[in-house]
Amino acid sequence: MTGRNMMRKPRFASLLAIVLCVGLFVRCAGAQDSRTAAQQPAENAQQPAQNLPTLDPGTFQRSSQIDNTWMPLKPGTRFVYEGTTIEDDGTAVPHRFVITVTDLTKVIGGVRAVITWDLDYSDGELVEAELAFFAQDSNGTVWRMGEYPEEYDGGKFVAAKPWIHGFEDARAGIEMLAEPTVGTASYAQGWGPAVGWTDRGQVDQVGQKTCVPASCYEDVLVIAETSAGEVGAQQLKYYARGVGNVRVGWRGAADPTKETLELTRVEQLDAAGLAEVRASALELERSAYQRSKTVYAHTPPAE
């Protein structure tokens, strides 16, 4: 994934006509947030590398047990999102995003990280497959350790643009705070200068309500994300306790894609389904070792 993290890419034929949206600030997906980017206290996305959080392997005692209430990553959990993105010609293109938490781990920077296998579809076509790496420190903060994405066009490989902590000046960043609170300073979600990864997050709202096809949620946390490459645009991610990310929206006239996504299904795979996911993730890893000679090839194998 390039630009902002997780689902920061084009893509949905709107499901909003059947979605009940409630809450003071939460609008139906596809609509802009009530406040403009200029009204937000978010800090400048362009932060020097020395301002990044310091990764200390000694503070990760059970790093692969990710049970942060806002971002639990239990092996075998699959999240399915549907949405749209706006193309250059103004048309809305269907977008589907599938994240599956594997039972594989990988040691990065001395920390054992959980691997997710992510599939990104635009108008029904697979445009990207990715391995993403997360670890939780002893305080409960979830870190993004890096990612390996492969881009496709018409079923053919186009490019791989990985960033992984410790390689090509890349640094891990914070994906979810242990105790997110409004007023907390923005934080780097990683630093990958070789591929333009400059994402930052900031707690934007708490105590919100929202409904998506999967369910209705209360006490929702909203994180506003920015990147140096998209000044004046924010991606809004809505998190429900015990579930994780349930909605993605946008704010700011400068947003190029006005991407919206909603959680349509969350499920727990059985042993056979998890084994199938594991095999697919390992297949992508084998490709990564062949295609990424300067980064991925120097990492230990997934276990």
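The structure we're discussing is the one just above.
Residues numbered from 1 in each chain as written. Predicted model: local features only at pLDDT ≥ 70, side-chain atom pairs only at ≥ 80, totals over all residues. Heavy atoms only, no water.

**Student:** Quick question: what am I supposed to make of the pairing of strand β12 (residues 234-240) here?
**Tutor:** In summary, the side chains of a regular strand alternate between the two faces of the sheet. β12 sits mainly inside the fold: seven of its seven residues count as buried. Here β12 shows a buried face lined by Q234, L236, Y238 and A240 and a second buried face lined by Q235, K237 and Y239. With five bridges connecting them, strand β11 (residues 215-226) and β12 associate as antiparallel partners. What sits directly across from L221, in β12, is Y239. In the sheet, β12 pairs with strand β13 (residues 244-251) via seven bridges, with the strands oriented antiparallel. Counterpart to L236 in the pairing with β13 is G249. (Buried < 20%, exposed > 50% of the residue type's maximum accessible area, 1.4 Å probe, protein only. Helix = DSSP H or I, 4+ residues; strand = E, 2+ residues; numbered from the N terminus. Pairing = 2+ DSSP bridges.)

**Student:** Would you mind going over the nonpolar core with me for this structure?
**Tutor:** Across soluble globular proteins, nonpolar side chains show a tendency to be buried alongside one another. Judged by nonpolar contacts, the single largest core of 63 residues is most densely connected at L131, F133, M145, M176, Y217 and L263. Excluding residues within four positions of it along the chain, M145 makes contact with L55, I108, V111, A113, F133, F134, A135, W163, I164, H165 and A172. (Core = buried A, V, L, I, M, F, W, Y, C linked by side-chain atoms within 4.5 Å. Contact = heavy atoms within 4.5 Å.)

**Student:** Explain the pattern of salt bridges to me, please; I cannot follow it from the model alone.
**Tutor:** Any two side chains of opposite charge can pair, given that their charged atoms come close. If you walk through the whole model with that rule in mind, you get 13 salt bridges. A salt bridge links E285 to K106; its shortest N-O distance comes to 2.8 Å. Note that E285 is positioned in helix α1 (residues 271-291) and K106 in strand β2 (residues 92-108), a separation of 179 residues in sequence. Each member of the pair, E285 together with K106, is buried. Between E150 and R291 there is a salt bridge, and its shortest N-O distance comes to 3.4 Å. Note that E150 is positioned in strand β5 (residues 142-153) and R291 in helix α1, a separation of 141 residues in sequence. Since its relative accessible area comes to 43%, R291 is described here as partly exposed. When salt bridges with common partners are traced through the structure, they connect R78, R265 and E267 into a single cluster. (Salt bridge = Lys/Arg side-chain N within 4 Å of Asp/Glu carboxyl O.)

**Student:** Could you clarify how one ought to interpret the environment of G252 in this entry?
**Tutor:** One can find G252 in the loop between β13 and β14 (260-268). Considered as a pair, G252 and G232 are 20 residues apart in the sequence and their alpha carbons are 5.9 Å apart.

**Student:** What exactly am I supposed to notice about the packing of aromatic side chains here?
**Tutor:** What characterises a pair of aromatic rings is the spacing of the ring centres plus the angle enclosed by the ring planes. Applying the stated rule across the entire model yields five aromatic pairs. Relative to W143, the ring of F60 lies with its centre 5.9 Å away and its plane at 65 degrees, an arrangement referred to as edge-to-face. One end of the pair, F60, is in the segment before β1 (77-86); the other, W143, is in strand β5, with 83 residues separating them in the sequence. Here F60 matches W143 in class, with each residue buried. Linked through ring pairs, F133, Y148, Y289 and Y296 together constitute an aromatic cluster. Above the face of the Y121 ring, R96 is positioned so that its terminal group lies 6.0 Å from the ring centre. (Phe/Tyr/Trp six-rings, centres within 6.5 Å; stacked < 30°, edge-to-face > 60°. Lys NZ or Arg CZ within 6 Å of the ring centre and 35° of its normal.)

**Student:** What is the right way to read the state of the cysteines from this model?
**Tutor:** Two cysteines form a disulfide when their sulfur atoms are joined by a covalent bond. The tally for this structure, following the rule as stated, stands at one disulfide. Covalently, C211 is tied to C216 through a disulfide, its sulfur atoms 1.9 Å apart. The S-S bond linking C211 to C216 shows a torsion near 110 degrees; that makes this disulfide right-handed. (Disulfide = S-S within 2.5 Å.)

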